[in-house]
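# Architecture at a glance
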Amino acid sequence: MSNKLRIAVAAGIGMGFAFAQAAHAQSTVTLYGVVDAGVTYTNNQQGHAAWQFTSGNESGPRFGLIGSEDLGGGLKANFRLENGFNVATGALGQGGRMFGRQAWVGLSGQSWGALTLGRQYNATQDILGNLQMSSYLASYATHPFDNDDIDNTFRTNNAVKYVSPTFGGLQAEAEYGFSNSTNFATNNTWSVGLNYANGPIAAGAAYARMNHPASSSDGAVASNNYYSSSPVFGANLANATRQQIWGAGGAYTYGPATLTLLYTGTSFDMAAGGAVRFNNYEGSLRYMVTPALMAMAGYTYTQVTQGSDDGHYNQVSAGVQYLLSKRTDVYLNGFYQKASSSIGSAFIDGLNGPSSTTSQVAVVAGIRQKF
């Protein structure tokens, strides 16, 4: 090989490496996930005590891909594909979907915000979900039946979402989910919200509306990814012709302690007539005992009404979480719920069945690893 040819080949290889490094610097794809499992004890599940292996106690098990490509001029292309699964069985979650938690693609810019298209969370989930106790405790801390959906009973299909840049700690969000039907107003949804974070203060307010949800499998709120058939005052929430969710809350952090207050309301207009309405009032205190040990306790009062029927739930939730490393933690949580006599049976959300009495206790211990 001549010297000139050697020089040309070396230059070509060098330019190839330089190009690959530049492309790598401008585009990233990250694999991430959570694996969470443990054992749950319930004192009364349909009249019997139960010990059960449970998956996804503090976090829904998942793995996903998130990617970003720098298009220049501050513009980026982004995507996320996120799968949910059951650790106990390996089965797919979210109705057997491959990427049932999230699947979207979009563009973002520092000066104008982000626009994403696909299966996504709505504004109430994005904004109010971070203020709920179940963000830090097991999902059993969720409000009864997850009536306000901020623990993600369902996701929004066919969705277009816009999130604004942050101005002085304030950020706005709006989302619309298409029905994908010639009947435009059947199984569509929209939501809006405002989020504020500045120093020790975090606050948010949001509203969401679902029109004829679960009336088809391909609409914005799919029929195989909505509420369960558990009745409240004899009404099946899965048969709602319209659902509205609204709420507001805030958190204040002082040193190792964070106090959070949250209110949410939900109204289900039923196909058989009338409406079932929930009002959830929650307060919680989170305390970092050490950088590795967190303790949390809170109380939720939920009022339920349907016509002249009126009832309520009282629930106390508490737990500790210990970090074995930055990626791995162990936890122990306990829950007690008391339902009014008009409700009839206590039913801590996430358990396999209601109590045969007006009270129910659940305790869960487990381990979670993030990657």
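Residues numbered from 1 in each chain as written. Predicted model: local features only at pLDDT ≥ 70, side-chain atom pairs only at ≥ 80, totals over all residues. Heavy atoms only, no water.

## Things to note about unusual backbone geometry
Rule in force here: The helix count covers DSSP runs of H or I at least four residues long, the strand count covers runs of E at least two residues long, and both are numbered beginning at the N terminus. Any residue under 20% of the maximum accessible area for its type is buried, any over 50% is exposed, and the rest in between are partly exposed; the area is computed with a 1.4 Å probe on protein chains only.
Notably, glutamine 46 is not glycine yet its phi reads approximately 55°, a positive angle. Examined against the element boundaries, glutamine 46 turns out to sit in the loop between strand 1 (27–45) and strand 2 (48–55). On the accessibility criterion, glutamine 46 (58% relative accessible area) is exposed. Here the phi dihedral of histidine 212 falls at roughly 50°; this positive angle occurs in a residue that is not glycine. Mapping histidine 212 onto the fold places it in the loop between strand 10 (201–211) and strand 11 (231–232). Its relative accessible area of 37% is what places histidine 212 among the partly exposed residues.

## Here's the deal with the packing of aromatic side chains
Put simply, the rule reads: Under the pairing criterion, centres of Phe, Tyr and Trp rings, with the six-membered ring standing for Trp, must be within 6.5 Å; the plane angle then separates stacked pairs below 30 degrees from edge-to-face pairs above 60, leaving the rest tilted. Definition used: whenever NZ (Lys) or CZ (Arg) falls within 6 Å of the ring centre and also within 35 degrees of the ring normal, the charge is taken to sit over that ring.
Within the structure shown, the criterion is met by 17 aromatic pairs. Centre to centre, the rings of phenylalanine 154 and tyrosine 226 are 5.3 Å apart; their planes meet at 45°, and the pair counts as tilted. With phenylalanine 154 in the loop between helix 2 (123–128) and strand 7 (156–163) and tyrosine 226 in the loop between strand 10 and strand 11, this residue pair connects regions lying 72 residues apart in the sequence. On the accessibility criterion, phenylalanine 154 (0% relative accessible area) is buried. Given the relative accessible area of 7%, tyrosine 226 is considered buried. Both rings, one in tyrosine 227 and one in phenylalanine 268, keep their centres 5.3 Å apart while their planes meet at 85°; by these two values the pair is edge-to-face. In this pair, tyrosine 227 sits in the loop between strand 10 and strand 11 while phenylalanine 268 sits in strand 14 (residues 257–270), placing the two residues 41 residues apart along the sequence. You can call tyrosine 227 buried: its relative accessible area is 8%. A relative accessible area of 0% places phenylalanine 268 in the buried class. The ring centre of tyrosine 136 lies 3.8 Å from the NZ or CZ of arginine 286, which sits over that ring.

## Re the side chain of glutamine 360
Stated formally: N or O atoms closer than or at 3.5 Å make up a polar contact, with two conditions inside protein: a donor-capable atom paired with an acceptor-capable one, and, for residues adjacent in sequence, both atoms drawn from side chains.
Mapped onto the elements of the fold, glutamine 360 is located in strand 19 (residues 359–370). Of the residues examined, glutamine 360 reaches a relative accessible area of 0% and is grouped as buried. Side-chain polar atoms of glutamine 360 contact the backbone oxygen of glycine 353, separated by 3.2 Å.

## Some words on the layout of surface pockets
Applicable threshold: Lining residues are defined by having an atom within 4 Å of a point belonging to a cavity or pocket. Those points lie on a 1 Å grid over the protein atoms alone, cavities being sets where a 1.4 Å probe fits but cannot get out and pockets being open sets with protein on both sides within 12 Å along at least five of seven lines. Grid points are joined across faces, edges and corners, and a volume is the space filled by probe spheres set on the points. Gly is placed with the polar residues, together with every amino acid not listed as nonpolar (Ala, Val, Leu, Ile, Met, Phe, Trp, Tyr, Cys and Pro) or charged (Asp, Glu, Lys and Arg).
Of the voids in this model, the second largest pocket is the one considered here, and its volume is about 320 Å³. What lines the second largest pocket is a set of 21 residues, among which Asp126, Ile127, Asn130, Leu131 and Asn195 lie closest to the centre. Looking at the lining of the second largest pocket, the elements that each hand over two or more residues are helix 2, strand 7, strand 8 (170–177), strand 9 (188–198), strand 10, strand 14 and strand 15 (275–290). Top element by residues in the lining of the second largest pocket is strand 8. It accounts for three residues. Each residue belonging to the lining of the second largest pocket can be placed in one class, and the counts come to 10 nonpolar, seven polar and four charged.

## Things to note about the nonpolar core
Selection rule: Definition of nonpolar core: a set of buried residues of the types Ala, Val, Leu, Ile, Met, Phe, Trp, Tyr and Cys, connected through side-chain atoms within 4.5 Å. Any pair of residues with heavy atoms lying within 4.5 Å of one another is described as a contacting pair.
Core analysis: the biggest nonpolar cluster contains 36 residues, and Tyr226, Leu237, Phe268, Val276, Phe278 and Phe335 have the highest contact counts within it. Put simply, the parts of the chain that give this core at least two residues each are strand 10, strand 13 (240–254), strand 14, strand 15, strand 16 (293–306), strand 18 (328–339) and strand 19. Ignoring sequence-local partners within four residues, the contact set of phenylalanine 268 consists of Asn147, Tyr226, Tyr227, Leu237, Ala240, Arg242, Gln243, Gly274, Ala275, Val276 and Phe278. Core analysis: the next-biggest nonpolar cluster, separate from the first, contains eight residues, Ala123, Ile127, Leu131 and Ala206 among them.

## Examining the pairing of strand 8
Operational definition: Strand pairing requires that DSSP identify at least two bridges connecting the strands.
Pairing of strand 7 with strand 8, which is carried by five bridges, proceeds in the antiparallel orientation. Note on strand 8: the bridge partner recorded for tyrosine 162 is alanine 174. Here strand 7 folds back onto strand 8, and the loop between the two strands holds six residues, one of which, glycine 168, carries a positive phi near 60°. Summarising the sheet, strand 8 and strand 9 pair through eight bridges and their orientation is antiparallel. Its bridge partner lying in strand 9, glutamate 173 is registered against glycine 193.

## A word on the confidence of the model for the protein chain
What counts here: Confidence scores labelled pLDDT are given residue by residue by the predictor and lie between 0 and 100.
Averaged over the protein chain, the pLDDT score is 92; the fraction of residues at 70 or greater is 93%. Counting interchain partners and residues more than four positions distant, the pLDDT-below-50 stretch residues 1–25 has one contact.

## What to know about the pattern of salt bridges
For clarity, the cut-off: Take a side-chain nitrogen of Lys or Arg and a carboxyl oxygen of Asp or Glu: if they are within 4 Å of each other, that pair is a salt bridge.
If you walk through the whole model with that rule in mind, you get seven salt bridges. Linking glutamate 173 and lysine 161 is a salt bridge whose minimum nitrogen-to-oxygen distance equals 3.9 Å. Taken as a pair, glutamate 173 in strand 8 and lysine 161 in strand 7 lie far apart in primary sequence, 12 residues in all. No difference in accessibility class separates glutamate 173 from lysine 161, as the two residues are buried.

## A short note on the side chain of asparagine 333
With respect to the helices and strands, the residue asparagine 333 is situated in strand 18. For asparagine 333, a relative accessible area of 1% puts it in the buried group. Among the polar contacts made by the side chain of asparagine 333, one reaches the main-chain amide nitrogen of alanine 138 at a distance of 2.7 Å. Not counting residues up to four positions away in its chain, the partners in contact with asparagine 333 are Glu58, Leu137, Ala138, Ala318, Gly319, Val320, Ala362, Val363 and Val364.

## Describing the environment of asparagine 57
Mapped onto the elements, asparagine 57 comes out in the loop between strand 2 and strand 3 (62–72). Considering only alpha carbons, one finds asparagine 57 and leucine 75, 18 residues apart in sequence, at a separation of 38 Å. Not counting the four nearest positions on each side in its chain, asparagine 57 is found in contact with Asp36, Ala37, Gly38, Thr40, Ala138, Ser139, Tyr140, Tyr331 and Val364. For asparagine 57, the side chain forms a polar contact with the side chain of threonine 54, separated by 2.8 Å.

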